[in-house]
Amino acid sequence: MPAFGSFKDVTIDIEDHVAVVEFSKPPQNFFDVALISEIADAFEALDETSDCRAIVLASPGRIFCAGANLNDGRDLGEKSPGHYPLYEQGVRLFRTTKPIVGAIQGAAIGGGFGLAMTPDFRVACPESRFSANFTRMGYHPGFGLTVTLPETIGRKHAERMLYNGGRVKGEEAFAMGLADVLVDGPKNVRPAAIELAREIAQCSPLGVVACRTIMRDGYADRIAAATDKELANQNSLRGTVDFTEGVEAMTDRRLPHFIGA
Amino acid sequence: MSKFGSFNEIGVEVANHVAIVEIQRPPHNFFNIPLIKEIAEAFEALDESDECRSIVLAAQGTAFCAGADFSDPNRNKVQSDQKPGGNPLYIEAVRMFRTSKPIVGAIQGAAIGGGLGLAMMPDFRVTCPEARFSANFTRQGYHPGFGLTVTLPEAIGRKNTELMFYTGRRFKGEEAFKMGLAEVLVPREQVRDAAVALATEIAECSPLGVVACRKIMREGFADRVREATDQELIEQGILRETVDFKEGTKAMTERRVASFIGR
Amino acid sequence: MPKIGEYNDITVNLENLVATVEINRPPHNFFDLSLIQQIAQAFESLDKTSDCRSIVLCAEGKSFCAGANFTDGRALKGDGSEVGEREGDDEELPIGHLYVEAVRLFRTKKPIVGAIQGAAIGGGLGLAMMPDFRVTCPEARFAANFTRLGFHPGFGLTCTLTEAIGRKRAELMFYTSRRFKGDEAVSMGMADVLVPQDQVRSAAIELATEIAECSPLGVIACRQIMREGLADRVSAATAKELAVQTRLRDTDDFAEGVKAMTERRVPNFKSA
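(A) Local environment of the overall build of chain B. Scanning chain B for helices and strands turns up ten helices and nine strands. For a compact globule of 263 residues, the expected C-alpha radius of gyration is about 18 Å, and chain B comes in at 18 Å, within 12% of that figure. In chain B, buried positions account for 54% of the 263 residues. Long-range pairs, those at least 24 residues apart, make up 74% of the contacts in chain B between residues at least 6 apart in sequence.

(B) Highlighting the pairing of strand 3 (residues 54–59) of chain C. Residue and element names in this part refer to chain C. Within strand 3, six of the six residues are buried, which leaves the element mostly enclosed by the surrounding structure. Burial of strand 3 is two-sided: the residues Ser54, Val56 and Cys58 facing one way and the residues Ile55, Leu57 and Ala59 facing the other way are all buried. Two strands pair when backbone bridges link them, and strand 2 (residues 18–23) and strand 3 are joined in this way by six bridges, in the parallel orientation. The residue of strand 3 that forms the bridge with Val21 is Leu57.

(C) Structural view of the interface of chain A and chain C. At the junction of the two partners, chain A supplies 27 residues and chain C supplies 22 residues. Of all the elements in the fold, those that place two or more residues in the side of chain A that touches chain C are helix 4 (145–153), helix 5 (155–163), helix 9 (219–238) and helix 10 (241–251) of chain A. For the side of chain A that touches chain C, the element with the highest residue contribution is helix 5 of chain A, accounting for six residues. When grouped by side-chain class, the residues that make up the side of chain A that touches chain C number nine nonpolar, eleven polar and seven charged.

(D) Quick look at unusual backbone geometry. Residues and elements named next belong to chain B. Backbone torsion omega between Pro26 and Pro27 reads 0°, so that peptide bond is classified as cis. Its place among the elements puts Pro27 in the loop between strand 2 (18–23) and helix 1 (33–47). Phi at Phe146 is positive, roughly 60°, even though this residue is not glycine. Among the secondary structure elements, Phe146 is positioned in the loop between strand 7 (132–134) and helix 5 (148–167).

(E) Layout of the sheet that holds strand 7 (residues 107–109) of chain A. Residue and element names in this part refer to chain A. An order of 7-9-10 is seen for the three strands of this open sheet, with the pairing classed as mixed. On the outer flanks of this sheet lie strand 7 and strand 10 (167–169), each paired with one strand and no other. Adjacent strand axes in the sheet meet at a mean angle of 10° when their direction is disregarded. Sheet topology places strand 7 next to strand 9 (residues 129–131); three bridges connect them, and they run parallel. Residue pairing in the sheet places Ala108 in a bridge with Phe130 of strand 9.

(F) Focus on the packing of helix 8 (residues 207–217) of chain B against helix 5 (residues 167–176) of chain C. Closest axis-to-axis distance for the helix 8 of chain B/helix 5 of chain C pair is 10 Å, and the angle between their directions is 165°. What the angle tells us is that helix 8 of chain B and helix 5 of chain C run roughly antiparallel. Between helix 8 of chain B and helix 5 of chain C lies a crossing whose hand is right-handed. Contacts from Val210(B), Cys213(B), Arg214(B) and Met217(B) in helix 8 of chain B reach Arg167(C), Ala170(C), Glu171(C), Phe174(C) and Tyr175(C) in helix 5 of chain C.

The rules behind the values
- Residues numbered from 1 in each chain as written.
- Chains lettered and ligands numbered in written order.
- Predicted model: local features only at pLDDT ≥ 70, side-chain atom pairs only at ≥ 80, totals over all residues.
- Helix = DSSP H or I, 4+ residues; strand = E, 2+ residues; numbered from the N terminus.
- Rg over C-alpha atoms; globule rule 2.2 N^0.38 Å.
- Buried ≥ 20, exposed ≤ 12 C-beta atoms within 10 Å, placed from the backbone.
- Contact = placed C-beta atoms within 7 Å.
- Pairing = 2+ DSSP bridges.
- Nonpolar A, V, L, I, M, F, W, Y, C, P; charged D, E, K, R; others polar.
- Axes fitted to C-alpha atoms, helices over the stretch in contact; angles between N-to-C directions.
- Parallel < 35°, antiparallel > 145°, perpendicular 65-115°, else oblique.
- Left-handed = near helix turned anticlockwise from the far one by under 90°.

Pasting the structure below:
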């Protein structure tokens, strides 16, 4: 609906006070700064209209979001803490006021996992995959995951996922609170997300927004502070031999051989 | 009548170091300022007595506490005195969070809205499948109160709290137990006995150790609750002036989904 | 298995980037100042070698760690002899020094997996809650039974247990002194992996290996962010716990609690 300005890779559809924000970069929905920025623009525009009381964040295809593609040299912007466009745009996603339900129908990998943690709630299916594969690649978690993950599933589970680059499938995700609703099959994910968003939309919008502001007090700031630290670590790791090896191993589909340097 | 004070709304009895404080406004036990005040007074009196090492907070009738008493003549006082920290209801409520002995809630029935706030005040909760837990404020055009923006997340985590607040959903006893809203699930007729059993288990441990430990564990808790009620009160004040609040209250009485307009 | 370092009460081995630090005071592995110092020493040495990327803390014998090595509530000195006449009513328990050493365990860099093959009781639970993760078995027992003894939780448990299982469950454990089996511990989040008893150590090594396969610099940097402030919080917690423990050790209720435990009966407390 072009009422919100024209987006390249994002569409917005509003019905019954629920806005479905769909981002699409087929086939694997890798993101770049522009895409994150568009999603943030969409959220901010929806903040301004009383036609929308709750948001569903979704994507088409088998994969929710494969992350930031580090291989093809895609420009993620200049990289210094507080001045990293990707994370600056990412933090915007946490500053808007209406509740968001994520429809995580497939894999959410690395930065894509970070994006999957921007909604308040997540709907998943057995085919969903949450993968924090940073340390398997000689890298470091980003996109605020060092805050969003423990605050959602507790520090124990978060540490385990982040230290061993774990992949968690839909059922396990639901069991640990990473997903709030579990449905059968990817086809049911978006409808279930819309259903939860509708349930929220039936409640008084002023009450919900006021309450959400209290509940998330300081959250976006904690995430902003976290992305600074994550970025500092990522910067220092990007120069290491282990990082080069990690990326190569991932491309060659073999186990990496790290040396600690 | 009780050796711990003279009460109209509650009963207080102690046996085997366990005090039972029973809300006596059946069947729904709607709360008002006198009720909360009496519970706070009872807790403070029990703090001073070595006869009591732990407390069970229970209720007569079908509901634990189904919400605020809208017919309370003092309710106008609640509504008109909106100065933060100056709300009579919340002043009394915070007193309950400042006492020193562990409390087990026997949640045998519905705990709705502010009644959920009262149910979340004890350290632990025993419940049954028939109980209902609901923070239905936003269904009514209103905002959570009674310190729930602190007590709920500290018990069940922020995610589940947000789910409860934003959907206003009613959770049955089993779901509540799974979410961590209650620590024990038993058949309805066993709720009070099970609460007393847990309180007794606590009472068998050294009172000095338990009280000292509880003080460390709950450090700052009562202050966080007080700050929360200050904030909640401000939001509630704002929302009470809205068209949506009128519509929400009306819809609740008429048992239908409200038609909000965002104003 | 290549052994490193020379210690009295622990054995340290290093193989395939995973170090095992084994407590050798079977069957019950009671701890004291000296044991904690040795473990801290081992962890700090392992921090310095890139041959180690993760650590398994385990114990020989029946229990993981069944508690502190004292008989009547007064901590023993490092050499095992009993503390003599107290110098004053307010003298801080010698266990205070132990807590200072215990905080060293929270300051090292590499992830630790606890192999909890048996009982972790009282201060032993405090030691068990120090690792990042825990592997356990149905036969293990977890209890914070301080208040049953007329005493008060220590070893930073008011911080570590809360952060692991949430305040509600921690309070339940502290106020009831209840014992939980290994499978219950996993349900509560007190332990992360449940396996048969004879597989506890190998499963702990397996988890430590999984971590060791990831990039060490990334893991260490990430762990630093995740555990930021933890050691200081533990330190602050032990200070508060110690103050209460010092006050309570002089009470009749404490004497009665210890007596009742030895005589296997319900204690008769008087709030004094």
